[in-house]
Amino acid sequence: MLKAPHFMLMASLLMELGLLGMPLCNRRPDASPVDSPTPAAPADAGTPFAASAPESPIPWPKQDLTPLATLEGPAIQAAHAALEEALKRFPKESTGQCAFSAKSLEAVIGQEAGWYFVRVNRRVDRCPGFGPGVTGLETDWFELFAVSPGGAIERYPYHP
């Protein structure tokens, strides 16, 4: 067990390193490729310019990651299964259109008695022009799924 002076020393070191007060899972493990210095070519390498790293096409966060949400793995798996089931119900000929894609869906996840309940809302307002065959009345469309503790998925029986 750490005694008070040792604990204070450890806490001050962690604060100096920026590790205290922030969950480690939210910290980047290392500098982004864009921020890391590229070693310059030695002056006698025969190249007139210093070598430079190509710009990364990925806009890596310059600060700590800002989470959209924090969920445990089983909740994410339940939401994924429900989204896949909802996507299966769309007409095959509409595949590739925004209004019939994951872009037009959102998931609301709850848990009760060990079961996950996932409401999949259709958000065609995220698609420009809604797409062919989609009316404004379909902006209130949703599906409700139950995912058992064992991973079995069942759709709520309110539609044929």
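Above this text is the structure in question.
So, a few notes on the structure that sits alongside this text. By convention here, each chain's residues receive numbers from 1 onward along its written sequence. The predicted origin of the model limits local features to residues at a pLDDT of at least 70 and limits the giving and counting of side-chain atom pairs to 80 or more, whereas totals for whole chains, interfaces and linings rest on all residues. With hydrogens and water stripped out, all remaining heavy atoms of the structure feed into the side-chain values.

### Focus: the overall build of the protein
Reasoning step 1: Of the regular secondary structure elements, the protein holds two helices and four strands.
Reasoning step 2: Along the protein, from the amino end to the carboxyl end, the secondary structure elements read α-α-β-β-β-β.
Reasoning step 3: The buried label goes to any residue with under 20% of its type's maximum accessible area, the exposed label to any with over 50%, and the partly exposed label to all in between, with areas taken from a 1.4 Å probe on protein chains only. Buried residues in the protein amount to 17% of all 160 residues.
Reasoning step 4: Working rule for contacts: check all heavy atoms of both residues, and any pair within 4.5 Å makes them a contact. Long-range contacts, defined as pairs at least 24 residues apart, comprise 43% of the intrachain contacts of the protein with a sequence gap of at least 6. Every helix listed is a DSSP run of H or I at least four residues long, and every strand listed is a run of E at least two residues long, numbered separately from the N terminus.

### Focus: the pattern of salt bridges
Reasoning step 1: Between Lys or Arg on one side and Asp or Glu on the other, a salt bridge is scored when a side-chain nitrogen of the former is within 4 Å of a carboxyl oxygen of the latter. Counted according to the given criterion, the structure contains six salt bridges.
Reasoning step 2: Between R126 and E106 there is a salt bridge, with its nearest N and O atoms 3.0 Å apart. Highlighted residues: R126 in the loop between β2 (115-122) and β3 (142-147) and E106 in strand β1 (residues 105-112), separated in sequence by 20 residues.
Reasoning step 3: One salt bridge in this structure joins R123 and D125, with 2.8 Å as the shortest N-O distance.
Reasoning step 4: Judged by relative accessible area, D125 falls into the partly exposed class, the value being 45%.
Reasoning step 5: Linked by salt bridges that have partners in common, E106, R123, D125 and R126 make up one network.

### A short note on the sheet that holds β2
Reasoning step 1: Strand order in this open sheet of four strands is β1-β2-β3-β4, and the pairing throughout is antiparallel. With partners counted over all chains shown, the strands left at the sheet margins are β1 and β4 (153-155), one partner each. Pairwise comparison of adjacent strand axes, ignoring direction, gives a mean angle of 25 degrees for this sheet.
Reasoning step 2: Paired strands are those between which DSSP finds at least two bridges. Relative to β4, β3 runs antiparallel, the two sharing three bridges. Bridging from a neighbouring strand, F145 pairs with R155 of β4. Inter-axis angles, ranging from 0 to 180 degrees, are taken between N-to-C directions of lines fitted to C-alpha atoms, where helices are fitted over the stretch in contact.

### Structural notes on unusual backbone geometry
Reasoning step 1: At A113, a residue that is not glycine, the phi angle is positive and equals roughly 50 degrees.
Reasoning step 2: Inspection of the secondary structure assignment puts A113 in the loop between β1 and β2.
Reasoning step 3: Taking relative accessible area as the criterion, A113 reaches 73% and is therefore assigned exposed.

### Focus: the packing of aromatic side chains
Reasoning step 1: To pair, rings of Phe, Tyr and Trp, with the six-membered ring standing in for Trp, must have centres within 6.5 Å; the planes then decide the type, stacked if under 30 degrees apart, edge-to-face if over 60, and tilted in the middle. Following the criterion strictly, the structure yields two aromatic pairs and no others.
Reasoning step 2: Ring geometry for F90 and W141: centres 5.7 Å apart, planes at 35 degrees, overall tilted. Placement of the pair is F90 in the loop between α2 (73-88) and β1 and W141 in the loop between β2 and β3, with a sequence separation of 51 residues.
Reasoning step 3: For F90, a relative accessible area of 8% puts it in the buried group.
Reasoning step 4: Assessed through its relative accessible area of 22%, W141 is described here as partly exposed.
Reasoning step 5: Any Lys NZ or Arg CZ that is within 6 Å of a ring centre and within 35 degrees of that ring's normal is treated as a charge sitting over the ring. Its end group placed over the ring of F100, R122 keeps NZ or CZ at 4.7 Å from the ring centre.

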